[in-house]
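Summary of the model geometry
Here's the letter readout for the chains.
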Amino acid sequence: AASLRAIAWTLALPFALFTFEWNICAWPEGFPQNMLTTEQCNDYKNEHQITEKIERFSEKLCKRGVIFRVPHVGARYLTSHLVGVGKLLQHWGQSVLLCHAGTLHSMYSTEMFPWRLVSFAERGSIQKELGDGLESLIYLYCTVSQSEVFSQARRLATTLGSFPPEGMPIRNCHTGQRSTLNPAVAAELLLILAADVVEQEPFFDIELIASFLRLSAPHLLRPPPLVTAMERAGLFNMSNKELRDCQWTAAWLLRLSRLPAFLHPSDLRQRLEKAADQFPWFYELGMEAERLQRAVVSDAQQSSDVAPLKNWRTWAALWGSPWSTVCEPEEVLRALDRAGSSTSASFKHD
């Protein structure tokens with residue numbers, strides 16, 4: 001079934017033709033126009049109750065065993081990615097409910113990930129277990145056409161720089177239904193999408209992520225400090241071509257940094273430092289420049305002669321996730337630990 005659905009997505013055919021769940025996948029009348037945001041939901045008395053519900057639901061999935069058999073990119077299981085998305089949203093300062101929505105974002109399967117943990121036919125019981133607000137956001141995420149959201153986000157960020165007053169146009173990837181999503185809910189959808197892409201894709205499309213964050217930030221109760229940093233760095237003022245060019249340059253330099261035979265280390269370090277100054281959001285550039293700088297001096301000299309490129313640590317803390325897979329994973333994790341969340345304090349909104 002998953003293979004048929006993957007073929008259906010490739011051919012741009014409605015999934016419901018292959019899943020026989022047309023009525024279940026179809027958006028009911030008033031959905032998603034009348035959806036509430038996670039901040040507006042009153043299904044729970046407190047955060048502790050939300051966590052208890054999620055833990056019970058997770059235990060139920062674990063007993064089924066399927067959660068440990070679903071593969072994902074990077075030679076890992078889906079569970080690793082799901083947990084990573086929830087943690088990234090938490091790092092970005094989002095509410096407990098939105099973080100849990102991120103943790104379960106693809107449990108029904110999505111347009112681009114046809115493997116599922118639960119069936120759409122189980123919606124009724126899952127709504128009772130998780131609450132209507134949380135389940136509705138996950139259901140929206142799993143039924144909306146992500147490819148269309150990608151194109152809409154790019155278009156709106158480039159032409160308007162914000163959502164239109166009536167909201168963002170969306171399409172049901174299973175049935176082809178079209179609707180409009182109000183800006184507040186669209187902001188939460190885009191933020192989960194951003195975390196989903198950032199957590200799993202090496203050298204992710206910075207233009208796409210910038211579009212998601214730029215559109216969603218004004219409508220979030222807690223905009224990620226990363227958005228403010230991007231705005232101050234001038235990223236939102238760059239054209240799509242400029243963003244693609246700087247992304248290509250950064251990726252090329254990072255790969256080159258692991259092949260030192262092609263360039264003299266000092267020359268490569270200078271290029272990395274220059275790029276890190278121009279594109280600070282690709283923080284691995286600064287990290288690699290510092291690594292090369294430390295490699296050419298003795299331990300005794302490091303304390304006095306080496307001036308660390310401190311800016312990359314701030315950006316590492318703001319992202320909370322690596323952009324490149326070229327750098328050693330252990331290096332990136334140590335860098336994030338050293339950076340700490342406190343370095344993002346200067347970027348928080350008043």
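Reference entry: report on the structure contained in this document.

**Some thoughts on the packing of helix H9 (residues 146-159) against helix H11 (residues 206-216)**
Contact pair H9 / H11: the axes reach a minimum separation of 9 Å and the direction vectors enclose 70°. Comparing the axis directions of H9 and H11 gives the class roughly perpendicular. Residues Val149, Phe150, Ala153, Arg154, Leu156 and Ala157 of H9 form the contact with H11, whose participating residues are Glu207, Leu208, Ser211, Phe212, Arg214 and Leu215. Here the contact of H9 with H11 is built from residues that sort into eight nonpolar, one polar and three charged.

**Side note on the packing of helix H5 (residues 78-91) against helix H6 (residues 96-103)**
Remark: H5 packs on H6, axes separated minimally by 7 Å, with the N-to-C direction vectors making an angle of 155°. Comparing the axis directions of H5 and H6 gives the class roughly antiparallel. Of the two possible hands of crossing, H5 and H6 adopt the one that is right-handed. Contact residues: H5 offers Leu82, Val85, Gly86, Leu89 and Gln90, while H6 offers Leu98, Cys99, Gly102 and Thr103. In terms of residue class, the contact of H5 with H6 is built from five nonpolar, four polar and no charged.

**A word on the environment of Glu201**
Here Glu201 shows up in the loop between helix H10 (183-200) and H11. Residue classification places Glu201 among the partly exposed positions, given a relative accessible area of 38%. Taking the C-alpha atoms as reference points, Glu201 and Trp323, 122 residues apart in sequence, are found 7.9 Å from one another.

**Digging into helix H14 (residues 265-278)**
The terminal C-alpha atoms of H14, which comprises 14 residues, lie 20 Å apart, in line with the 20 Å expected from a rise of 1.5 Å per residue. Turning to H14, its buried residues are Leu268, Arg269, Leu272, Ala275 and Ala276. One side of H14 holds all its buried residues, which, seen down the axis, span an arc of 130°. Exposed side of H14, more than 90 degrees from the buried face: Gln270, Lys274 and Asp277 are the residues found there.

**Comments concerning H6**
For H6, the tally of buried residues reaches six of eight residues, placing the bulk of the element in the interior. Every buried residue of H6 is accounted for by Leu97, Leu98, Cys99, His100, Ala101 and Gly102. Its buried side turned inward, H6 meets helix H4 (47-64), H5, helix H8 (132-143) and H10.

**Some details on the pattern of salt bridges**
All told, the structure shown has 13 salt bridges when counted by the stated rule. Between Arg222 and Glu39 there is a salt bridge; the shortest N-O distance is 2.6 Å. Of this pair, Arg222 sits in the loop between H11 and helix H12 (225-232) while Glu39 sits in the loop between helix H3 (22-25) and H4; the two residues are 183 residues apart in sequence, bridging distant segments of the chain. Using a relative accessible area of 34% as the deciding quantity, one classes Arg222 as partly exposed. Using a relative accessible area of 36% as the deciding quantity, one classes Glu39 as partly exposed.

**Describing the side chain of Ser324**
Topologically, Ser324 is positioned in the loop between helix H17 (311-319) and helix H18 (329-339). In this view, Ser324 contacts Phe203, Leu254 and Glu284; residues no more than four positions away in its chain are not counted.

**What about the nonpolar core?**
Core analysis: the largest hydrophobic core is formed by 99 residues, its most contacted members being Met107, Leu140, Phe212, Leu285 and Trp319. Ranked by residue count, the leading element in this core is H10, at twelve residues. Excluding residues within four positions of it along the chain, Leu140 makes contact with Trp27, Phe31, Pro32, Met35, Ile170, Leu181, Val185 and Leu189.

**Some points on the packing of aromatic side chains**
A complete count under the given rule lists 13 aromatic pairs for this structure. Each ring, one from Phe203 and one from Trp323, has its centre 4.8 Å from the other, and the planes form 85°; the classification is edge-to-face. Taken together, the residues Phe203 in the loop between H10 and H11 and Trp323 in the loop between H17 and H18 connect sequence positions 120 residues apart. Joined through ring pairs, the aromatic side chains of Trp27, Phe31, Tyr108, Phe120 and Tyr139 make up one cluster. Between Arg123 and the ring centre of Tyr139, over which it is positioned, the NZ or CZ distance is 3.6 Å. Residue placement shows Arg255 over the ring face of Phe203; its charged tip is 4.4 Å from the ring centre.

**Quick notes on the pairing of strand S3 (residues 168-171)**
A one-sided burial pattern is seen for S3, the buried positions being Met168 and Ile170 and the unburied ones Pro169 and Arg171. The pairing of S3 with strand S4 (residues 178-181) spans four bridges and is antiparallel. Looking across to S4, one finds that Met168 is bridged to Leu181. Hairpin connection from S3 to S4: six residues lie between these consecutive antiparallel strands, with Gly176 at a positive phi of about 85°.

The rules behind each value
- Residues numbered from 1 in each chain as written.
- Predicted model: local features only at pLDDT ≥ 70, side-chain atom pairs only at ≥ 80, totals over all residues.
- Heavy atoms only, no water.
- Axes fitted to C-alpha atoms, helices over the stretch in contact; angles between N-to-C directions.
- Helix = DSSP H or I, 4+ residues; strand = E, 2+ residues; numbered from the N terminus.
- Parallel < 35°, antiparallel > 145°, perpendicular 65-115°, else oblique.
- Contact = heavy atoms within 4.5 Å.
- Nonpolar A, V, L, I, M, F, W, Y, C, P; charged D, E, K, R; others polar.
- Left-handed = near helix turned anticlockwise from the far one by under 90°.
- Buried < 20%, exposed > 50% of the residue type's maximum accessible area, 1.4 Å probe, protein only.
- Expected span 1.5 Å × (residues − 1).
- Arc of directions from axis to C-beta.
- Salt bridge = Lys/Arg side-chain N within 4 Å of Asp/Glu carboxyl O.
- Core = buried A, V, L, I, M, F, W, Y, C linked by side-chain atoms within 4.5 Å.
- Phe/Tyr/Trp six-rings, centres within 6.5 Å; stacked < 30°, edge-to-face > 60°.
- Lys NZ or Arg CZ within 6 Å of the ring centre and 35° of its normal.
- Pairing = 2+ DSSP bridges.

Nothing here speaks to function; it is geometry throughout.
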